[in-house]
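Survey of secondary and tertiary structure
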Amino acid sequence: MSEIFDGYERQYCELSTNLNKKCNSVSSNEVEKKQKFDELKTGLDQAESLIRRMDLEARTLPPTQKATLLAKLREYKSDLNALKREAKKFSALSDPFSARDELLDTGLVGRHPGLGADQRSRLMMATDRINQSGERIKESRRQLIETEDLGVHILQDLQLQHQTLLHTQETMHGVDDNIGKSRRMLSSMSQRFERHKYIMAGIISVLILAIMFIVYIKNLH
C-alpha cells in the first residue's frame, strides 16, 4: 500500500470521528453554537480535500492496489455525504446568517420604532454585503474544487502517457534486439561467403594445375 494514501486515510478517519462528535453535541450557548458551526464547515472542507488527495494518490498506483483503494474511497465518500447531511441539520439551528435573515423577515426592525430610515437602510446594506461576501466565498470554493479536479485529470493523463512511453521503450528494446540479431546473422553469412570464395579459388587452381600437368604429359609422348 501507499504510505501517502495511508497518511491521508488516518487524517480523514480522525477528522470524521471529531466531526461526528461535533454534530451530535448540543449546546445552548449561542457563541459555542457559532464556533461549532464554523468548525464543522472547516472540518468538512478539510475532509473533502483529503478524499480528493486520496483519490489522486490511488489513481497513480498499479491496477491491483488502485482497485482496493478506490473501493475504500467509495465508503469514505458515503461517510462524508452523511456528515454533510448532519451538518446541514446542525446549521439550521446554528448558522448566524440564517438567524439574521429570520429576524429580519419576522419584522425585527418593525418592533423597534426607534430605528430611523437611515439606520434601516444601513442595516439592509450591511446584510447585502454579507450575502455578497458569502457568495464570493462559495464561488472561490467552487473554483478551487474545479482546479483540484483538473489537477486530478491532468495527473491521470500524465500517468497514461508515462505508461505509453514505457511500452514504447520496451518495444524499442525489442527492435534493437532484433536488429542486433540480424547484424550477427549477416556477419556470419559474410564470413561463410568469404570462406567459400577461398575454397572455390583453391579448387579452380588445383584444376588448372591438373589440366596443365595432363597437357604436359601428352606433349612428352
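Along each chain, residues carry numbers from 1 onward, in the same order as the chain's sequence is written. Under the rules for a predicted model, residues below a pLDDT of 70 receive no local features and side-chain atom pairs below 80 are neither given nor counted, while totals for whole chains, interfaces and linings still include all residues. Side-chain measures were taken over the full set of non-hydrogen atoms in the model, leaving aside hydrogen atoms and water.

**Describing the packing of aromatic side chains**
In this scheme Phe, Tyr and Trp rings, the latter by its six-membered ring, pair at centre separations within 6.5 Å, and the angle between planes marks the pair as stacked below 30 degrees, edge-to-face above 60, and tilted otherwise. Evaluated as defined, the whole model comprises 1 aromatic pair. An angle of 50 degrees between the planes, with centres 5.1 Å apart, marks the rings of Tyr12 and Tyr76 as tilted. Here Tyr76 lies in helix α3 (residues 63-94) and Tyr12 lies in helix α1 (residues 3-24), a separation of 64 residues in the sequence. Any Lys NZ or Arg CZ that is within 6 Å of a ring centre and within 35 degrees of that ring's normal is treated as a charge sitting over the ring. Lying across the ring of Tyr198, Lys197 places its NZ or CZ 5.9 Å from the centre. Secondary structure counts use DSSP, requiring at least four H or I residues in a row for a helix and at least two E residues in a row for a strand, with both numbered from the N terminus.

**Thoughts on the UniProt feature "transmembrane region" (unreviewed entry) in the protein chain**
Following the UniProt record, the feature "transmembrane region" (unreviewed entry) maps to residues 198-217 here. As annotated, residues 198-217 comprises 100% helix and 0% strand, and the C-alpha atoms at either end are separated by 29 Å. UniProt positions are given in the numbering used here, feature names are shortened, and annotations may be inferred rather than shown by experiment.

**Some details on the pattern of salt bridges**
Salt bridges are identified by distance alone: a Lys or Arg side-chain nitrogen within 4 Å of an Asp or Glu carboxyl oxygen. This structure, assessed with the given rule, holds 5 salt bridges. With a shortest N-O distance of 2.9 Å, Asp55 and Arg59 are connected by a salt bridge. When accessible area is computed with a 1.4 Å probe and restricted to protein chains, residues below 20% of their type maximum are described as buried, those above 50% as exposed, and intermediate ones as partly exposed. For Asp55, a relative accessible area of 9% corresponds to the buried category. Judged by relative accessible area, which is 31%, Arg59 ranks as partly exposed.

**A look at α1**
Compared with an ideal rise of 1.5 Å per residue, which puts 22 residues at 32 Å, α1 spans 32 Å between its outermost C-alpha atoms and is within 8% of the ideal. Residues Phe5, Gly7, Glu9, Tyr12, Leu15, Ser16, Leu19 and Cys23 constitute the buried set of α1. By this rule the span expected of a helix is its residue count minus one, scaled by 1.5 Å.

**Focus on the confidence of the model for the protein chain**
Detail in the predicted coordinates should be disregarded across regions flagged by low pLDDT. Confidence of the predictor at the level of single residues is captured by pLDDT, which takes values from 0 to 100. Summary statistics for the protein chain give a mean pLDDT of 78 and a share of 82% for residues scoring 70 or more. Mean pLDDT across the elements of the protein chain bottoms out in helix α4 (residues 96-105) (46) and peaks in α1 (86). A contact between two residues is defined here by any heavy atoms of the two lying within 4.5 Å. Every residue in residues 95-115 is under pLDDT 50, and counting partners more than four places away or in other chains gives 18 contacts.

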